[in-house]
Amino acid sequence: MKAAYFRGNGAIELCDVAQPVPGPGELLIRVAANGVCGSDRKIFEGGFARIPGHEVAGTIVEATDGCVTPIGARVAVYIPRHCGACVYCQAGKGNLCPHKPGLLGWSTDGGYAEYMVIPDRNALPLEDGISFEEGVLLLDTVGTSSHGLRLAHCETAQSALVIGAGPVGMGAVAYLKAVGVAEVLVSELSPYRLGIAEGYGAIPIAADKEDVAGRIREAHPYGVDLVVEAVGSLPTIWQSFDLVKPGGAISLLGEYWGKVELDRAKSEWMINDITLIRSFYFTIPEFHENQRLILDGTLEVDRLASHSYPLTELRAAYDAFLSGDTIKVMVTP
Ligand SMILES: [Zn+2]
Ligand SMILES: [Zn+2]
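Residues numbered from 1 in each chain as written. Chains lettered and ligands numbered in written order. Predicted model: local features only at pLDDT ≥ 70, side-chain atom pairs only at ≥ 80, totals over all residues. Heavy atoms only, no water.

Honestly, the coordination of the zinc ion (ligand 2) in this entry has me stumped. Any pointers?
As a benchmark, a tetrahedral metal site with four donors has ideal angles of 109.5 degrees, while an octahedral site with six donors has ideal angles of 90 or 180 degrees. Ligation of the zinc ion (ligand 2) by protein atoms is provided by C83 (SG), C86 (SG), C89 (SG) and C97 (SG), these donors lying 2.3 to 2.4 Å from the ion. Around the zinc ion (ligand 2), the 4 donor atoms sit at angles spanning 104 to 115 degrees, and that spread fits a shape best called tetrahedral. Binding-site remark: the zinc ion (ligand 2) is held by donors from one chain whose sequence spacing is C-x2-C-x2-C-x7-C. (Donors = N, O, S within 2.8 Å, 3.2 Å for Na, K, Ca; no water. Tetrahedral: all angles 85-135°; square planar, octahedral: opposite > 155°, others 65-115°.)

Can you walk me through the pairing of strand β14 (residues 305-310) in this structure?
For a regular strand, side chains alternate in direction, first toward one face of the sheet and then toward the other. Two elements, β14 and strand β15 (residues 328-332), share 5 bridges in a ladder whose sense is parallel. In the sheet register, S308 faces β15, and the bridge partner there is M330. Tracing the backbone out of β14, into helix α10 (residues 314-322) and back to the parallel element β15 gives a crossover that is right-handed. (Pairing = 2+ DSSP bridges. Helix = DSSP H or I, 4+ residues; strand = E, 2+ residues; numbered from the N terminus. Right-handed = clockwise from strand over helix to strand, strands pointing away.)

I'm lost on the side chain of H220 in this one. Help?
Its location among the elements puts H220 in the loop between α6 (212-219) and β11 (224-229). Of the polar contacts made by the side chain of H220, one reaches the side chain of E183; its length is 3.0 Å. With residues near it in sequence (within four places) discarded, H220 still touches S159, E183 and L185. (Polar contact = N/O pair within 3.5 Å; in protein donor to acceptor, adjacent residues only side chain to side chain. Contact = heavy atoms within 4.5 Å.)

How do you make sense of a nonpolar patch on the surface when you look at a structure like this?
Taken together, V260, L262, W269, M270, I271 and L276 make up a surface patch of nonpolar side chains, about 600 Å² in accessible area. Ranked by residues supplied to the nonpolar patch, first place goes to helix α8 (residues 268-271) with 3 residues. Residue position: I271 is located in helix α8. (Patch = residues over 30% accessible without salt bridge, like charges linked within 9 Å, V, L, I, M, F, W, Y side chains within 5 Å. Areas by Shrake-Rupley, 256 points an atom, 1.4 Å probe, with all protein chains shown as cover. Salt bridge = Lys/Arg side-chain N within 4 Å of Asp/Glu carboxyl O.)

Teacher, can you tell me more about the sheet that holds strand β8 (residues 159-163) here?
What links the strands of a sheet is backbone hydrogen bonding, and the strands pair in either a parallel or an antiparallel sense. Within the open sheet, the 6 strands sit side by side as β10-β9-β8-β11-β12-β13. Their pairing is parallel. If you trace the sheet from one side to the other, it starts and ends with β10 (203-206) and β13 (275-278), each paired once. Neighbour-to-neighbour, the strand axes of this sheet turn through a mean angle of 15 degrees, independent of strand direction. As judged from the 4 bridges shared by β8 and β11, these two strands associate in the parallel manner. For V162, the partnering residue across the bridge sits in β11 and is V228. Contacts from helix α4 (residues 167-178) reach β8, β9 (183-188) and β11, with the element oriented near 165 degrees to β8. Each of β8, β9, β10 and β11 is contacted by α6, which is oriented at about 145 degrees to β10, the strand it contacts most. (Axes fitted to C-alpha atoms, helices over the stretch in contact; angles between N-to-C directions.)

Please clarify how the coordination of the zinc ion (ligand 1) should be interpreted in this entry.
Only C37 (SG), H54 (NE2), E55 (OE) and D140 (OD) from the protein reach the zinc ion (ligand 1) as donors, at distances of 1.8 to 2.3 Å. Taken together, the 4 donor atoms coordinating the zinc ion (ligand 1) span angles of 91 to 136 degrees at the metal, a pattern that classifies the geometry as irregular. All donors to the zinc ion (ligand 1) come from one chain, and their sequence spacing reads C-x16-H-E-x84-D. Placement of the pair is C37 in the loop between β3 (26-35) and α1 (41-46) and H54 in the loop between α1 and β4 (56-63), with a sequence separation of 17 residues. A residue is classified by how much of its surface remains accessible, and C37, at 9% relative accessible area, is buried. Judged by its relative accessible area of 2%, H54 falls in the buried class. (Buried < 20%, exposed > 50% of the residue type's maximum accessible area, 1.4 Å probe, protein only.)

Before we go on, may I ask you to explain the environment of A178 in this structure?
Note on placement: A178 falls in helix α4. On the accessibility criterion, A178 (16% relative accessible area) is buried. Taking the C-alpha atoms as reference, A178 lies 11 Å from D296; in sequence the two are 118 residues apart. The contacts of A178, once residues within four sequence positions are left out, are T298 and L299.

The structure is reproduced here in structure tokens:
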């Protein structure tokens, strides 16, 4: 089968490799679509020993003994490997399983290939009427963002600021609009992304040209009810504290592995009853709930799948992604 490897410095090599063989309790999935993710950037630059790709949807073509998912099932791939037995897994919260031995597509070969092996319990069945692309969008783009927003009780907010409108931030915009948050402001550099946000009925703020804090304070002297940080940088984390109102909530969705030091100048951290949510991925019940929101017309995701490339043009897909003028880039084998 064809599979892509990241060789470092942006070099991508398409190789012919043996089709993987599922072991007991595992499925073989024929990949239909794999989303390009911002979290791939590190391995795109640094290189990676395995086949990358972790936002996958496709069709089951082989099922071993003990698998519940039938051959022919259309599924999306839940990436946290999880034990299936602990209290978290029993509640569908594989993202919180304390026994998770890594993530599919990171600690195993991923979806930039024609086929991929996954544990049976990581197959999330797609309902009729949900496309493979929507299945991919229901993972990192909408799944990750809606999980953090649910934990932050976003449905109680009248006003929200989304900082950064990449795939996760735009997923947040779509979800906030779906649950009826009246005023959604979006701070972002790319005019392309600001245009998509505007299409959702959000208020665009050009982060490089406008005074973001000034714009927020004009309409909300005390700040907004909810700030969604979807960049993953210290300046935007602190900006969240500056712009959330007392009693409000901050949902940290951006990937940030650095140190967060308490800044004495930012007394908001200490004295304002701020609910701070740092979330990871999403739960399996939420995936099914989000499918229903799409099917009943509440959650509109189609404009989030902005570009599509064949696997043979994976490098072009990354160039498009790195330009910043995309939302979710899909790759199809
Ligand atoms: Zn991702
Ligand atoms: Zn578990």
